[in-house]
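Architecture at a glance
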Amino acid sequence: MQFDFSGQEPIYLQVANQIEEGIFTGAFKEETQVPSTTEMSREFHINPATVLKGINILVNEKLVKKRRGLGMFVCKGAYNLILEKRKAAFFEDYVKKIVLEAKNLKLTEVELVQLIKRGFQSNED
């Protein structure tokens, strides 16, 4: 994990986002432990209350859960929750804008789909 202490994004959100990214990429598997508040605050020199605030966001989103006396663990189904959240954000952030611009360009739905298919084909690995 790396934190940008001079950036615009508050540290507690960076904590939440980086743990979420770790869950999404598989660095933190479902039902495994994530670093504790104490570990993160010591390692990255972050106030424990700040780390806890970030982790509590993930608790509220049902991505991690507290096990009394054991620490914080990734919830079963967390990956799918993140995937669905990101799909919804993708729709809001990108698809709506693409469709609006396509309409402004007088593209039909079929033409837009063809352009998207062309994009997939040109970016194949």
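Computed from a prediction, not measured in an experiment: that's the story for all the values here.

1. Quick look at the confidence of the model for the protein chain
- Of the residues in the protein chain, 98% have a pLDDT of 70 or more, and the chain-wide mean is 93.
- Mean pLDDT across the elements of the protein chain bottoms out in helix H2 (residues 37-44) (91) and peaks in helix H4 (residues 78-104) (97).

2. Structural notes on the side chain of Gln-14
- Secondary-structure assignment places Gln-14 in helix H1 (residues 11-25).
- When neighbours within four sequence positions are excluded, Gln-14 is seen to be in contact with Gln-2, Phe-3, Asp-4 and Glu-9.

3. Side note on the packing of H1 against H4
- With their axes 9 Å apart at the nearest point, H1 and H4 run at an angle of 110° to one another. Considering the angle they form, H1 stands roughly perpendicular to H4. Along the contact surface, H1 presents Glu-20, Glu-21, Ile-23 and Phe-24, while H4 presents Ala-78, Tyr-79, Ile-82, Leu-83, Lys-85 and Arg-86.
- Partitioned by chemical class, the residues of the contact of H1 with H4 number six nonpolar, no polar and four charged.

4. Focus: helix H5 (residues 109-122)
- Compared with an ideal rise of 1.5 Å per residue, which puts 14 residues at 20 Å, H5 spans 20 Å between its outermost C-alpha atoms and is within 8% of the ideal.
- Counting buried positions over the 14 residues of H5 gives one, only a small fraction of the element.

5. A word on the packing of aromatic side chains
- On inspection of all chains with the given rule, the structure shows three aromatic pairs.
- Taking the centre distance of 5.3 Å and the plane angle of 40° together, the rings of Phe-90 and Tyr-94 count as tilted. Taken together, the residues span about one helical turn, with Phe-90 and Tyr-94 both in helix H4 at a distance of four residues.
- Note that Arg-86 overlies the ring of Phe-24, its terminal NZ or CZ placed 4.3 Å from the centroid.

6. Looking at the pairing of strand S2 (residues 71-74)
- One ladder, built from four bridges, connects strand S1 (residues 64-67) with S2; its direction is antiparallel. Its bridge partner lying in S2, Arg-67 is registered against Gly-71.
- Two successive antiparallel strands, S1 and S2, enclose a turn made up of three residues, where Gly-69 displays a positive phi of approximately 80°.

Quick notes on the rules
Counting of residues starts from 1 at the beginning of each chain's written sequence and follows it residue by residue. Given that the model is predicted, a residue must reach a pLDDT of at least 70 before its local features are reported, and side-chain atom pairs must reach 80 or more before they are shown or counted; all residues, however, enter totals for whole chains, interfaces and linings. Just so you know, side-chain values use all the structure's heavy atoms and leave hydrogens and water out. Every residue gets a pLDDT, meaning the predictor's confidence in that residue, from 0 to 100. Runs of H or I in DSSP of at least four residues are treated as helices and runs of E of at least two as strands, each being numbered from the N terminus. For this analysis, residues touch if any pair of their heavy atoms sits within 4.5 Å. The angle between two axes is taken between their N-to-C directions and runs from 0 to 180 degrees, where each axis is a line fitted to C-alpha atoms and a helix contributes only its stretch in contact. Every angle not falling under 35 degrees, over 145, or within 65 to 115 is termed oblique; those three ranges are roughly parallel, roughly antiparallel and roughly perpendicular. Residues were grouped as follows: Ala, Val, Leu, Ile, Met, Phe, Trp, Tyr, Cys and Pro as nonpolar; Asp, Glu, Lys and Arg as charged; and all remaining residues, including Gly, as polar. Expected span, for any helix, means 1.5 Å times one less than how many residues it has. Type-normalised accessible area, obtained with a 1.4 Å probe on protein chains alone, sets the label of each residue: buried when under 20%, exposed when over 50%, and partly exposed for intermediate values. Pairing of aromatic side chains requires ring centres within 6.5 Å, counting the rings of Phe and Tyr and the six-membered ring of Trp. Pairs whose planes differ by under 30 degrees are stacked, by over 60 edge-to-face, and all others tilted. Cation placement over rings: the criterion is NZ of Lys or CZ of Arg within 6 Å of the ring centroid and within 35° of the ring normal. Each pair of strands is called paired provided DSSP finds at least two bridges between the two strands.

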